[in-house]
Amino acid sequence: MAKSDDCMHILQGLLVFGNVVIGMCGIALTAECIYVVSNPHGAYPLLKATESSGIYTAAWIGIFVGLALFALSILGIIGVIKASRTLLLVYIILMLITFAFEMASSITAATNQDSLTPNVFLKQMLERYQKSEPNNNSDDDVTKTWDELMRQNHCCGVNGPSDWQNYTSAFRSTHSDADYPWPRVCCVLDAKGLPVNLDGCKLGVSGYYNSNGCYDAMSGPVNAHAWGVAWFGFAILCWTFCVLLGTMFYWSGIEY
Amino acid sequence: MWADGDHRRLPGDAGQLPHSRPRHRGARTMIPLLLLLLPAAHGIVELGTIPALTQDRLEGVTTATTFVLEQPRCIFGNFSNAVIWLVVALDKDASAFNNSAEPGTPETAFQSFPDTVSAYMTLNATLASYPCPKPAGDITVLRVGSETSCATDVSRPTCNGPLPGPGPYWVKFLALEGSVPVAETAWSERITLRTAKPLSSISTAGSGHSAGMIAITAILSILLAILLAALVAMLFSCGSDSCGSSTFSKPESVSVQRYNTHHVYDQAAARL
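What counts, and where the lines are drawn
- Residues numbered from 1 in each chain as written.
- Chains lettered and ligands numbered in written order.
- Predicted model: local features only at pLDDT ≥ 70, side-chain atom pairs only at ≥ 80, totals over all residues.
- Heavy atoms only, no water.
- Helix = DSSP H or I, 4+ residues; strand = E, 2+ residues; numbered from the N terminus.
- Buried < 20%, exposed > 50% of the residue type's maximum accessible area, 1.4 Å probe, protein only.
- Contact = heavy atoms within 4.5 Å.
- Areas by Shrake-Rupley, 256 points an atom, 1.4 Å probe, with all protein chains shown as cover.
- Buried area = accessible area lost by both parts, 1.4 Å probe.
- Salt bridge = Lys/Arg side-chain N within 4 Å of Asp/Glu carboxyl O.
- UniProt positions renumbered as here; feature names shortened; annotations may be inferred.
- pLDDT = per-residue confidence, 0-100.
- Axes fitted to C-alpha atoms, helices over the stretch in contact; angles between N-to-C directions.
- Parallel < 35°, antiparallel > 145°, perpendicular 65-115°, else oblique.
- Left-handed = near helix turned anticlockwise from the far one by under 90°.
- Nonpolar A, V, L, I, M, F, W, Y, C, P; charged D, E, K, R; others polar.
- Phe/Tyr/Trp six-rings, centres within 6.5 Å; stacked < 30°, edge-to-face > 60°.
- Lys NZ or Arg CZ within 6 Å of the ring centre and 35° of its normal.
- Pairing = 2+ DSSP bridges.
- Disulfide = S-S within 2.5 Å.
- Core = buried A, V, L, I, M, F, W, Y, C linked by side-chain atoms within 4.5 Å.

### Comments concerning the overall build of chain B
Then, in step 1: Each helix and strand counted, chain B has three helices and seven strands in total.
Then, in step 2: Along chain B, helices and strands appear, N-terminal first, in the series α-β-β-β-β-β-β-β-α-α.
Then, in step 3: Out of the 272 residues in chain B, the part that is buried amounts to 33%.
Then, in step 4: Restricting the contact set of chain B to residue pairs at least 6 apart, pairs at least 24 apart contribute 70%.
Then, in step 5: In the form shown here, chain B has an accessible surface area of approximately 16900 Å², with 57% of it arising from carbon and sulfur atoms.

Structure below.
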C-alpha cells in the first residue's frame, strides 16, 4: 500500500513536471509562430501569388495552440495536485483536441514545403514578370518583388539567366531578344542603378552579369520558417503524448 | 589545284609512249603556265580558316536571335587594303553564294533575308579593326544580330540585324578590295540558335512527399490513435468506481479526534 502510494506520489511529481514543460513549450511555440507570421521575408508576395501560403495558416494555428497548451498545463497541474477526477478528465479531453490541432498545423507546414518546387516559381516568374498589362495588383507585386530580390541578392531568374532564353515569357513578348537576352536587373549595376557594362552584360561576360539563380536565396528563409514550425510542433506533441498517457494512468488510479 | 586534262607528262617522255605524237615543247609548258596564271587573274585566296563561335565562356554565345563569333584576327594579314565582310547564309543556300555579289545592294540586303535573299553581308571592317596579334586577356568577339534599330530600315542593307530564326546558319569572311573579292575563309560549321520552349511545358507537379513530412504524419497519427484508444479504455474500464479503490487516497485533511475516556490524568496532574 505504501509502495503504491509512493508510486503515485512519484507519478504526481512527474506529471507536474511534465505539465510545467508543456506550459513553457506552449509559450515558446506561440512566440515562434508570432515571429513567423509577423516577419515575412522578402519573397512573401511571391508565396501569396502562388496561392500556397499554408505556412502562414500553420503558424496562425500554432499561435492559438501554444496559448491553449499553456492554459491547459496550468489546469493539469491543479488537477494532478488536487487529484480531482473531473478536472483531469476535462484536461485530458481538451488536450486531445489541442493535440489534433497541432498535428494539423505541423503536417500543413511540412506538406506546404514539399509543394514549393523551383518550377512553381519559374512558371510564375515567366508568366507575370514585367507583364505588359498587369491584371491586378499582384502582378505588379510580383514584378517589384522579383526586381528587389534580384537586386539585393545579385542573382538572376530562378535557375539562372538562361531561364529567359529557354522558355517563352511575358518579358520576352515586350523585350527583343537581341537587346534584352535577360532583364537589365541581371546586369551588375553601379551606384546609380545603371549597368556597369551593357555590352558585357548582353554578351554574358562573367563579372558584368549575375549568373546564379535566385532559388536558393528565396527558399532558404521559407524553408527555415516552415520546418521550424513543423518540427517544433512535432517535438511538443511527442512530449505531450507521454504526459497524457501518464495522466490517463494516474486518473484511473485515483480513488473516486 | 590545277591539273592537266591528260596525264602529266615530263619533258623527255614523248619518245617512249606509243601512239603519241611529239608535241612542241613550248606548247607543253604554256598550258601549266596559263593555268598558273588563272587563279592570279581570279584573285581569290582561299584561306583555310574556318570561322567559329567564340571559345570564351559567355552566357550569350547563342541566344534566340544572335550569336557570337571569334574575330578574324591574324588571318587576312596580307590584305591591308581590303574591307572584310561577314557573309551569313542559311544552311541550304551556302553553296549557291556568288563571291562577286556586292554588299549594300538589294541582292545582299539584310532586310530581305531569307525571303528573297539567300545570303546577306554585314559587319564590314578594315584590317585595322582586327590588329594582330590578339592581346592576351581581351575578349575579341563579333556579335552577329546586335543591331535592332535598323532591322526594318531598307536604307541600311548592311544592317547587323537580329537573325530571323533558329537557323542553322553558315558564315564566312570575305575580303573585298573595292568591289573585287580578294580572299575568303572557308564556310563555318552549322550554327544553330536557341529555341525557347513554350511556358506551358513547365510542369509544376510536386516532386512527391519528402521523408520528413511522411515521418511526421505517420508518427503523429499513430500517437493520436494510441491516445484515443487509451482514453476509450480508461473511460470504459473506470467509468464506475471499480478502479482505484485500493491504490490511492485523496490527500484530504484528516482530523483525528482523540477521545479521552477519563479525565483521570488531568486531575492527577492538577493535584500534584
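### Overview of the interface of chain A and chain B
Then, in step 1: Taken residue by residue, the interface counts 58 residues in chain A and 60 residues in chain B.
Then, in step 2: Here chain A packs against chain B, burying approximately 5100 Å² in sum over the two surfaces, 69% of which is carbon and sulfur.
Then, in step 3: Ranking the residues of chain A by area buried against chain B places Asp-114, Leu-203 and Glu-255 of chain A at the top, with a combined share of 13%.
Then, in step 4: At the boundary of chain A and chain B, one finds zero salt bridges.

### With respect to the UniProt feature "transmembrane region" (unreviewed entry) in chain A
All names here are of chain A.
Then, in step 1: The positions that UniProt labels "transmembrane region" (unreviewed entry) are, in the present scheme, residues 12-37, 57-81, 88-110 and 229-251.
Then, in step 2: Structurally, residues 12-37 is divided into 100% helix and 0% strand, and its ends, taken at the C-alpha atoms, are 37 Å apart.
Then, in step 3: From the first C-alpha to the last, residues 57-81 spans 36 Å; its make-up is 100% helix and 0% strand.

### Things to note about the confidence of the model for chain B
All names here are of chain B.
Then, in step 1: With 69% of its residues at a pLDDT of 70 or more, chain B shows a mean pLDDT of 77.
Then, in step 2: A low-confidence stretch, residues 1-20 (pLDDT under 50), is modelled with 14 contacts involving residues beyond four sequence positions or located in other chains.
Then, in step 3: Scored as a complex, the prediction yields pTM 0.71 and ipTM 0.81.

### Looking at the packing of helix α4 (residues 85-115) of chain A against helix α2 (residues 211-237) of chain B
Then, in step 1: Their axes nearest at 10 Å, the elements α4 of chain A and α2 of chain B cross at an angle of 165 degrees. One finds that α4 of chain A runs roughly antiparallel with respect to α2 of chain B. When you trace α4 of chain A past α2 of chain B, the crossing you get is left-handed. For the pair α4 of chain A and α2 of chain B, the contacting residues are Leu-89, Ile-92, Leu-96, Phe-99, Met-103, Ser-106, Ile-107, Ala-110, Thr-111 and Asp-114 of chain A in the first and Met-213, Ile-216, Thr-217, Leu-220, Ser-221, Leu-223, Leu-224, Leu-227, Leu-228, Leu-231, Met-234 and Leu-235 of chain B in the second.
Then, in step 2: Grouping the constituent residues of the contact of α4 of chain A with α2 of chain B by class yields 17 nonpolar, four polar and one charged.

### Structural notes on the packing of aromatic side chains
All names here are of chain A.
Then, in step 1: Under the defined criterion, the tally for this structure stands at 14 aromatic pairs over all chains.
Then, in step 2: By the ring-pair criterion, three or more aromatic residues cluster together here, those being Tyr-129, Trp-164, Phe-171 and Tyr-180.
Then, in step 3: Positioned above the aromatic ring of Trp-251, the side-chain terminus of Arg-85 is 4.3 Å from the ring centre.

### Some details on the sheet that holds strand β7 (residues 180-184) of chain B
Residue and element names in this part refer to chain B.
Then, in step 1: Taken in spatial order, the five strands of this open sheet run β1-β7-β6-β3-β4, and their pairing is mixed. On the outer flanks of this sheet lie β1 (45-46) and β4 (119-126), each paired with one strand and no other.
Then, in step 2: As defined by bridge partners, strand β3 (residues 83-90) adjoins β4 across six bridges and the pair is classed as antiparallel. Residue pairing across strands places Val-83 opposite Thr-126, the latter belonging to β4.

### Topic: the state of the cysteines
Residues and elements named next belong to chain A.
Then, in step 1: In the structure shown here, the tally under the stated rule is five disulfides over all chains.
Then, in step 2: Between the sulfur atoms of Cys-187 and its disulfide mate Cys-201 the distance is 1.9 Å. Between Cys-187 and Cys-201, the disulfide has an S-S torsion of -80 degrees and is therefore left-handed. Here Cys-201 lies in helix α9 (residues 198-203) and Cys-187 lies in the loop between α8 (170-174) and α9, a separation of 14 residues in the sequence. Neither residue differs from the other here; Cys-187 and Cys-201 are each classed as buried.

### Focus on the nonpolar core
Then, in step 1: Formed by 80 residues in total, the largest nonpolar core has its most connected members in Tyr-91, Trp-146, Trp-164 and Tyr-250 of chain A.
Then, in step 2: Elements that contribute at least two residues to this core include exactly α1 (2-38), α2 (44-49), α3 (54-82), α4, α5 (118-128), α6 (137-153) and α10 (215-253) of chain A together with α2 of chain B.
Then, in step 3: In terms of residues, this core owes the most to one element, α10 of chain A, which gives 15 residues.
Then, in step 4: Residues Phe-76, Phe-79, Tyr-130 and Ala-183 of chain B belong to the second largest nonpolar core, which totals 29 residues.

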